[in-house]
Amino acid sequence: NGRLGDISKAEYALDQNLTDILAVGRQFLADPNFVNKLKENKPNEIRYCIYCNEGCIKSVCEGTHIKCAVNPEAGFESVRSINKASPPKKVLVIGAGPGGCEAAITAKNSGHEVEIWEKEDKLGGNFYNACLPSFKRDGNKVLDYFYTEIKNLNIPIKFCKEATKESVLDFKPDFVINATGANPLKPKSIIGIDKPNVSSATDVLQGKSYIGNEIAIIGAGLVGAETAVVLAQKGKKVTLIEMANKVLPEPVFIQNAMMLNALLKHPNITVKTSTKLVSIEDKSITLDCNGNIENINCDNVVLAMGFKPNIDLYNELKDLVPIANIGDSVSARKVLDAIHEAYEAVVVI
């Protein structure tokens, strides 16, 4: 079925005599030592494939060499390797999303002294939110891997600690990795944007916002579309609104787009493209549909209008301490970009 890197599924297939032999592909890209780790009874140390298709199948379709979103060395074995630092440096990693975690692990394996500061009470950053839909839960295995590696490598991580210019300078790091991510966009030009019935998609996915029965989601990119599916599957009536003339207006790999478009056919989802949000009222919104003004009822408005890089701290520090900016704090993209940028930023310290 293409996912026999899932160990419990693979063992079930063998135990039930559904197959005589297992063939595994993508999992070997994510962790070429995963079979040895199973033999050594160390499943928590496996870097699991998240089945995103971004580095492997997509690369093949584009005619480029294979990569892996979660393993920055896959496909680069002859040009990327971790060498011991001489002399070791004191490295501060700000943010424990995938990029920050990869940076910390790579730096520690290079011999540096490393500490992580994370403003939330958990690993993951926006990737944590991306793993909340039931059809993307595989990503949690990578967060579990990061947690295990950070613990095994004795990397101090301070949760609920938001970095400031003063606290960073007081720490006296030799090098800083800024992996502070991005924040949801909330355009102040839209009338009613600050009303209490307005929430970000990330808050809705985490269950931080009360949600009624009729929901309007503004933005039908990856985040908006996935949030629509999650809410529809919970029985909510969802109207998905997009300015462009189609859902998923930004490029999405064809296999991923096919799956998500199929999920968007849920009977609880209504899609309106070429439609602009004009204003938000207490129980409705006003839309501009190709020049036609329309008002639709809704209990809540969920914003999925993109992300703005959280770059303020980087700008305050860039002239004061050696620092690299990686991942969504450069621009909001994929986990592949964050992890590969993290690795490259560390190996040149």
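Scroll up a little and you will see the structure.
Criteria and thresholds
- Residues numbered from 1 in each chain as written.
- Predicted model: local features only at pLDDT ≥ 70, side-chain atom pairs only at ≥ 80, totals over all residues.
- Heavy atoms only, no water.
- Core = buried A, V, L, I, M, F, W, Y, C linked by side-chain atoms within 4.5 Å.
- Buried < 20%, exposed > 50% of the residue type's maximum accessible area, 1.4 Å probe, protein only.
- Helix = DSSP H or I, 4+ residues; strand = E, 2+ residues; numbered from the N terminus.
- Contact = heavy atoms within 4.5 Å.
- Pairing = 2+ DSSP bridges.
- Axes fitted to C-alpha atoms, helices over the stretch in contact; angles between N-to-C directions.
- Expected span 1.5 Å × (residues − 1).
- Phe/Tyr/Trp six-rings, centres within 6.5 Å; stacked < 30°, edge-to-face > 60°.
- Lys NZ or Arg CZ within 6 Å of the ring centre and 35° of its normal.
- Patch = residues over 30% accessible without salt bridge, like charges linked within 9 Å, V, L, I, M, F, W, Y side chains within 5 Å.
- Areas by Shrake-Rupley, 256 points an atom, 1.4 Å probe, with all protein chains shown as cover.
- Salt bridge = Lys/Arg side-chain N within 4 Å of Asp/Glu carboxyl O.
- Lys, Arg positive; Asp, Glu negative; His and termini not counted.
- Charge placed at Lys NZ, Arg CZ, Asp CG, Glu CD.
- Parallel < 35°, antiparallel > 145°, perpendicular 65-115°, else oblique.
- Left-handed = near helix turned anticlockwise from the far one by under 90°.

A.B. asks: It is not clear to me how the nonpolar core should be interpreted in this structure. Could you clarify?
C.D. replies: Most often, soluble globular proteins keep nonpolar side chains buried together rather than apart. Grouped together as the largest cluster of nonpolar side chains are 39 residues, with contacts concentrated most on Val93, Phe146 and Ile177. When contributions to this core are tallied by element, the ones reaching two or more residues are β1 (90–94), α5 (98–109), β2 (113–118), α7 (139–152), β4 (175–178) and α13 (335–347). Among the elements that take part in this core, α13 stands out by supplying six residues, more than any other. With near-sequence residues (within four places) excluded, valine 93 lies in contact with Gly100, Ala103, Ala104, Val114, Glu115, Ile116, Trp117 and Ile177. Counting 22 residues, the second largest nonpolar core, distinct from the first, contains Val204, Ala232, Val238 and Leu260.

A.B. asks: When you look at the sheet that holds strand β8 (residues 237–241) in this model, what are you seeing that I'm missing?
C.D. replies: Note: strands within a sheet are paired through backbone hydrogen bonds, in either parallel or antiparallel orientation. On the basis of which strands lie adjacent, the open sheet formed by five strands has the order β6-β13-β7-β8-β9 and parallel pairing. At either end of the open sheet lies a strand with only one pairing partner, and these are β6 (198–200) and β9 (269–272). Taken pair by pair, the neighbouring strands of this sheet meet at an average axis angle of 25 degrees, ignoring direction. As paired strands, β6 and strand β13 (residues 300–303) are joined by three bridges and run parallel to one another. Paired with serine 200 across the two strands is leucine 303, which belongs to β13. Strands β7 (214–218), β8, β9 and β13 of the sheet are contacted by helix α10 (residues 222–233), whose axis makes an angle of about 170 degrees with β8.

A.B. asks: Just checking my understanding: could you explain α13 for this structure?
C.D. replies: Between its terminal C-alpha atoms α13 stretches 19 Å, which fits the 18 Å expected from 13 residues at 1.5 Å a residue. Taken together, the buried positions of α13 are Val335, Leu336, Ala338, Ile339, His340, Ala342, Tyr343, Ala345 and Val346. If you follow the buried residues of α13, they end up packed against α5, α6 (126–130), α7, β4 and β15 (323–325).

A.B. asks: Teacher, can you tell me more about the packing of aromatic side chains here?
C.D. replies: Each aromatic ring pair is described using two quantities: the centre-to-centre distance and the angle formed by the ring planes. Under the definition given, this model contains three aromatic pairs. Pairing phenylalanine 28 with phenylalanine 34 gives two aromatic rings, centres 4.9 Å apart and planes at 70 degrees, and the pair type is edge-to-face. Arranged with centres 5.4 Å apart and planes meeting at 70 degrees, the rings of tryptophan 117 and phenylalanine 171 form a pair that is edge-to-face. You can see tryptophan 117 sitting in strand β2 and its partner phenylalanine 171 sitting in helix α8 (residues 165–171), a full 54 residues away along the chain. Take tryptophan 117: its relative accessible area is 3%, and that puts it in the buried class. Taking the relative accessible area as the measure of exposure, phenylalanine 171 reaches 17% and is therefore buried. Sitting over the ring of tryptophan 117, lysine 161 keeps its end group 4.4 Å from the ring centre.

A.B. asks: Whenever I open this one, the pairing of strand β11 (residues 284–289) confuses me. Can you help?
C.D. replies: For a regular strand, side-chain orientation follows a simple rule: the groups alternate between the two sheet faces. Counting buried positions along β11 gives five out of six residues, so the element sits mostly inside the fold. Here strand β10 (residues 275–280) pairs with β11 via five bridges, running antiparallel. From the neighbouring strand, isoleucine 280 faces β11, where its bridge partner is isoleucine 285. Counting the residues between successive antiparallel strands, the hairpin from β10 to β11 contains three residues. In the sheet, β11 pairs with strand β12 (residues 292–297) via six bridges, with the strands oriented antiparallel. Residue pairing for β12: threonine 286 is matched across the bridge by asparagine 295. Between β11 and β12, which pair antiparallel one after the other, the connecting turn spans two residues, and asparagine 290 there sits at a positive phi close to 55 degrees.

A.B. asks: What should I look at first to understand a negative patch on the surface in this one?
C.D. replies: On the surface, a cluster of negative charge is contributed by Glu166, Asp170, Asp312 and Glu316. Tracing the sequence through the fold places glutamate 166 in helix α8.

A.B. asks: How do you make sense of the packing of α5 against α7 when you look at a structure like this?
C.D. replies: In a pair of packed helices, the angle between the axes and the distance between the axes together describe the arrangement. Where α5 contacts α7, the two axes come as close as 10 Å, and the packing angle between them is 30 degrees. It follows from the interaxial angle that α5 and α7 lie roughly parallel. Crossing of α5 against α7: the hand is left-handed. Residue-level contacts link Pro98, Cys101, Glu102 and Ile105 of α5 to Phe146, Glu149 and Ile150 of α7.

A.B. asks: Honestly, the pattern of salt bridges in this entry has me stumped. Any pointers?
C.D. replies: Close approach of charged atoms lets side chains of opposite charge pair. Counted under the stated rule, the structure contains 15 salt bridges. Between aspartate 121 and lysine 122 there is a salt bridge, with its nearest N and O atoms 3.5 Å apart. Residue lysine 122 is classed as partly exposed on the basis of its relative accessible area, which comes to 24%. Two residues, aspartate 282 and lysine 195, come together in a salt bridge whose shortest N-O distance is 3.0 Å. Note that aspartate 282 is positioned in the loop between β10 and β11 and lysine 195 in the loop between β5 (182–184) and β6, a separation of 87 residues in sequence. You can call aspartate 282 exposed: its relative accessible area is 52%. Classification of lysine 195 by relative accessible area gives partly exposed; the value is 27%.

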